[in-house]
Every structure is written in structure tokens, then in C-alpha cells.
Amino acid sequence: MIRFLIRRVAELLATLLIASFLIFASVQIAPGRPETFLLGGRAASPEALAAIRERYHLGDPFFAQYGHWLSGTLHGDLGISIQYRSDVTSLIASRLPVTLELLALSTMLVVVVGVTLGTLGAVRRGPVDTAVGIATSTAVATPSFVAAIALLSVFSLRLGWFPTLGAGDGALDTLWHLALPAVALALPFIGVISSVTRAGVIEQAALDHTTVARARGVPERVIVRRHLLRGALGVIITQSGLAVANLVISTVLVEYAFGLGGLGDLLAKSVTIKDFPVVQGVSLLIIALFISVNAVIDLVHPLVDPRTTLGERSTA
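Undergrad: So what's going on with the overall build of the chain? Residues and values would help.
TA: For the chain, the count of helices and strands is twelve helices and zero strands. For the chain, with 316 residues in total, the buried portion stands at 41%. Residue pairs in contact within the chain that sit at least 24 positions apart in sequence constitute 72% of those at least 6 positions apart. As displayed, the chain offers around 16400 Å² of accessible surface, 68% of which is attributable to carbon and sulfur atoms.

Undergrad: Could you give an account of the confidence of the model for the chain, naming the residues involved and the relevant values?
TA: Confidence along the chain averages 78 in pLDDT terms, with 84% of residues attaining 70 or more. Highest mean pLDDT in the chain belongs to helix H5 (residues 88-123) (87); lowest belongs to helix H2 (residues 34-39) (60).

Undergrad: Outline the packing of helix H7 (residues 144-158) against helix H10 (residues 220-258), supporting the account with residue identities and numerical values.
TA: Remark: H7 packs on H10, axes separated minimally by 9 Å, with the N-to-C direction vectors making an angle of 20 degrees. Classified by the angle their axes make, H7 and H10 are roughly parallel. For the crossing formed where H7 meets H10, the hand is right-handed. Contacts between H7 and H10 involve Ser144, Phe145, Ala148 and Leu152 from the former and Ser250, Leu253, Val254, Ala257 and Phe258 from the latter.

Undergrad: Now, about the side chain of Thr251: what can you tell me, with residues and values included?
TA: For Thr251, the location among the structural elements is in helix H10. On the basis of relative accessibility, which here comes to 2%, the residue Thr251 falls in the buried class. Discounting chain neighbours no more than four positions away, the residues touching Thr251 are Leu102, Leu103, Leu185 and Gly264.

Undergrad: An account of H5 is needed here, citing residue identities and associated values.
TA: Counted at 1.5 Å a residue, the expected span for H5 with its 36 residues is 52 Å, and the 51 Å between its end C-alpha atoms agrees. Helix geometry: H5 is bent most strongly at Arg95, by close to 35 degrees, with proline Pro97 lying one to four residues after it.

Undergrad: Kindly report on a nonpolar patch on the surface, identifying the contributing residues and their values.
TA: A cluster of nonpolar side chains, namely Met108, Val111, Val112 and Val113, defines an oily patch on the protein surface of about 300 Å² accessible area. Take Val113: it is sitting in helix H5. On the accessibility criterion, Val113 (30% relative accessible area) is partly exposed.

Undergrad: Talk me through the nonpolar core; I want residue IDs and the actual numbers.
TA: Membership of the largest hydrophobic core comes to 45 residues, with the highest contact counts inside it found for Val110, Phe258 and Val282. Secondary structure elements with two or more residues in this core: H5, H7, helix H8 (171-205), H10, helix H11 (263-272) and helix H12 (276-304). The biggest single contributor to this core is H8, with ten residues. Counting eight residues, the second-largest nonpolar core is a separate cluster that includes Leu16, Ile23, Tyr66 and Ala288.

Undergrad: If you had to explain the environment of Thr164 to someone new, which residues and values would you point to?
TA: When you line up the elements, Thr164 lands in the loop between H7 and H8. Leave out the neighbours within four places in its chain, and Thr164 touches Leu152, Ser156, Leu157 and Phe258.

Undergrad: Go over the packing of helix H9 (residues 208-215) against H10 with me, naming the residues and quoting the values.
TA: Running from amino to carboxyl end, H9 crosses H10 at an angle of 160 degrees, the nearest separation of the two axes being 11 Å. Considered as vectors, H9 and H10 are oriented roughly antiparallel to each other. Relative to H10, the crossing made by H9 is right-handed. Residues His209, Thr210, Ala213 and Arg214 of H9 touch H10, and the partners they reach there are Glu220, Ile223, His227 and Leu228.

Undergrad: Report on H11, specifying residues and quantitative values.
TA: For H11, the buried fraction is high: seven of the ten residues fall into the buried class. Every buried residue belonging to H11 is among Leu263, Gly264, Asp265, Leu266, Leu267, Ala268 and Ser270, and all of these are buried. Immediately beyond the C-terminal end of H11, within one or two residues, lies Lys274, with a positive phi of roughly 55 degrees.

Undergrad: Before we move on, could you go through the environment of Leu16 and cite the residues and values that matter?
TA: With respect to the element layout, Leu16 can be found in helix H1 (residues 2-29). In the structure, Leu16 is positioned 272 residues away from Ala288 in sequence and 6.7 Å away in space, judged by C-alpha atoms. Leaving out residues up to four positions away in the same chain, Leu16 has contacts with Leu284, Ile287, Ala288 and Ile291.

Calculation notes
- Numbering of residues starts from 1 in every chain and runs along the sequence as written.
- Reporting in this predicted model follows two pLDDT cut-offs: at least 70 for local features of residues, and 80 or more for side-chain atom pairs to be given and counted; totals over whole chains, interfaces and linings ignore these cut-offs and use all residues.
- Side-chain descriptors were evaluated using all non-hydrogen atoms of the structure, hydrogens and water having been removed beforehand.
- To qualify as a helix, a DSSP run of H or I must reach at least 4 residues; to qualify as a strand, a run of E must reach at least 2; elements of each kind are numbered from the N terminus.
- Accessibility here uses a 1.4 Å probe with only protein chains present; expressed as a share of the type maximum, an area under 20% marks a residue as buried, one over 50% as exposed, and anything in between as partly exposed.
- The contact criterion used throughout is that any non-hydrogen atoms of two residues lie within 4.5 Å.
- Using a 1.4 Å probe, accessible areas were evaluated by the Shrake-Rupley method; residue-level cover was limited to the displayed protein chains.
- The quantity known as pLDDT measures the predictor's confidence residue by residue, on a range of 0 to 100.
- Angular values range over 0 to 180 degrees, each being the angle between N-to-C directions of two axes fitted as lines to C-alpha atoms, with helices fitted over their stretch in contact.
- Relative orientations are named as follows: roughly parallel for angles under 35 degrees, roughly antiparallel for angles over 145 degrees, roughly perpendicular for angles from 65 to 115 degrees, and oblique for any other angle.
- Crossings are classed by handedness, with left-handed meaning an anticlockwise turn of the near helix from the far one by less than a right angle and right-handed meaning a clockwise turn.
- In this analysis, the expected span of each helix is defined as 1.5 Å times one less than the number of residues it contains.
- Fitting one axis to the seven residues ending at a residue and another to the seven starting there, the bend at that residue is the angle between the two axes.
- A patch consists of residues whose relative accessible area exceeds 30% and which take part in no salt bridge; residues with like charges are grouped when within 9 Å of each other, and nonpolar side chains (Val, Leu, Ile, Met, Phe, Trp, Tyr) when within 5 Å.
- Throughout this description, the term salt bridge denotes a Lys or Arg side-chain nitrogen within 4 Å of a carboxyl oxygen of Asp or Glu.
- Joining through side-chain atoms within 4.5 Å is the link that ties buried Ala, Val, Leu, Ile, Met, Phe, Trp, Tyr and Cys residues into a set, and such a set is a nonpolar core.

As C-alpha cells, this is what we get:
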């Protein structure tokens with residue numbers, strides 16, 4: 001276990017280092033100049049332009065800029081936002097709660113609805129299974145941003161049941177504001193978890209221990225809970241973890257579509273005006289969350305499925 005943890009931490013740090021370089025490089029080579037936004041299109045004297053470039057280290061060589069940014073990042077200093085004129089760390093801290101709330105609600109929908117539909121389709125073969133299959137296939141084929149536009153058009157603009165913008169204030173109001181974004185974000189992954197759960201439950205239903213339990217007269221609900229779902233739990237947890245990791249990335253377009261003001265919304269707006277300190281900081285955090293979730297999967301999976309060892313995942 002200790003060796004595995006050390007190896008995973010080393011892999012995490014190495015991946016983050018490579019990701020930080022790629023993020024920094026991609027932002028630097030993107031078209032457009034941040035000075036243009038800072039000056040608002042106005043002409044500037046050479047002295048003013050030099051001062052701006054010095055403040056943001058825009059005149060330094062590439063590797064010197066990267067080294068300065070990486071050194072600051074390691075000390076919790078992600079730089080100063082060009083758009084908001086405040087430190088990026090504070091901006092991220094203020095936007096992070098909304099993103100975490102959206103991720104938590106979406107994760108709950110993915111796991112609860114996905115596992116429920118998958119189990120229902122596996123144990124109720126026939127019309128119910130067919131209906132579940134059609135619904136999950138449609139969900140998987142619907143990108144989150146398409147679902148966001150459709151949900152906004154129907155439930156916000158046409159019916160007026162949900163707000164169109166903002167993250168709300170207070171527990172109930174926040175839940176009301178995040179309901180549609182969470183559904184849009186979770187929809188494709190609900191289909192994935194449902195399909196994986198159905199396959200796992202059907203596989204467990206064909207095993208001898210399930211047949212013996214039924215022959216002994218064990219109630220069906222107990223068989224589903226103790227034999228079918230427990231046996232399929234390993235692959236369900238693995239795929240759920242992968243879904244959560246991908247939810248982190250998918251938040252960008254959904255938050256922007258609903259104007260939630262979270263990290264995804266901040267990243268999308270910062271890209272358009274090349275606010276590179278914000279783009280670099282938020283992108284690095286999103287990648288760190290993605291990698292961390294995958295590391296947690298590797299730790300949890302052997303605990304629920306003794307057939308696997310640390311670092312291995314079910315491929316079912």
C-alpha cells in the first residue's frame with residue numbers, strides 16, 4: 001500500500017508538471033496579445049507598454065516566463081488576472097464552491113439514476129429493458145452542451161419552471177438554480193453507468209451463487225441487493241469514478257451556458273480575452289481534480305472487489 005501510494009503521488013506530480021508545461025505553452029502560442037485587452041484598444045506610449053509587459057513578465061523568454069509562473073504556482077501564487085485585476089488564487093477560491101456543488105449534485109444523479117435504471121433493465125427483461133435501453137442510448141448520444149440548450153429552451157424559456165442564469169442564494173434556491181445544469185451535465189454519464197450496471201447485473205445473475213440463492217427461496221429484492229449489485233459493485237464504482245472525472249471537464253460548457261459563475265464559466269470567459277493567468281490556473285486545477293479522482297478509483301476499487309489488486313481496474 002505504501003509503495004503504491006508513493007508511486008501514485010509521484011505519477012500525479014509528474015503528470016501535473018507535464019500538464020502545466022503544455023497548458024502554459026498552449027496559452028502562449030494562442031493568437032492575440034493580452035496587452036490589447038489591457039489597453040482596451042487604446043494607443044499606448046512605449047513606456048506604458050513596457051510597464052505592462054514587465055508587470056506580467058510578457059517580455060521574458062518563454063522558459064523564463066514558465067519558470068516564474070511555475071515557481072509562483074508552487075507557492076500558491078497563480079498570478080494576477082488581466083481581466084479582473086486581482087490575484088487568480090482568490091478568483092478560483094471564490095468560484096470553486098459553485099463548481100463543487102454542481103459536481104456533487106451531478107454525481108448523485110449519475111450514480112443513483114444510472115444504477116437504478118441499469119438494475120431495472122437487467123431484472124425486468126422485456127418492454128421495461130427495451131425502454132431503459134432506448135433511454136440510456138439516447139442519453140449517451142446527447143452531449144452535455146446540447147442537453148443544456150434543450151433544457152434551457154423548454155424548462156426555462158418556454159415553461160418558466162427554472163431560472164435561466166445564476167447559481168442562486170441559499171440551499172433551496174441554489175438547488176433550484178443548479179437542477180437543470182446538473183441534469184444537463186449528468187445525462188450522458190447516466191447512460192454510461194446504466195449500461196455498465198445492466199451488463200454487470202446480468203453477468204452476476206448467470207453465476208451459480210445467484211442460482212442457488214433463488215433455489216433456496218431467497219426473496220428477489222435480497223438477491224438483487226446482496227448478490228447482483230454487490231457482485232457488480234467493482235465495475236460500477238470504477239465507471240462511476242471515471243464518469244465523475246469526466247464531469248469535471250464537462251462543467252466548462254454547462255456552466256457557461258447557464259451563467260453559473262463557477263470555474264468552468266470563468267475559464268470559458270477568460271479564454272476569449274486571453275486572460276492567460278486565469279486560463280493557466282483554472283486549467284491546472286481541473287486537471288489536478290481529474291487525476292486525483294482517478295487515483296482515488298485505484299485505491300477504492302480493490303476494497304470493493306477483492307479479485308483485483310492495487311493499480312488494476314476491471315475492464316468489464
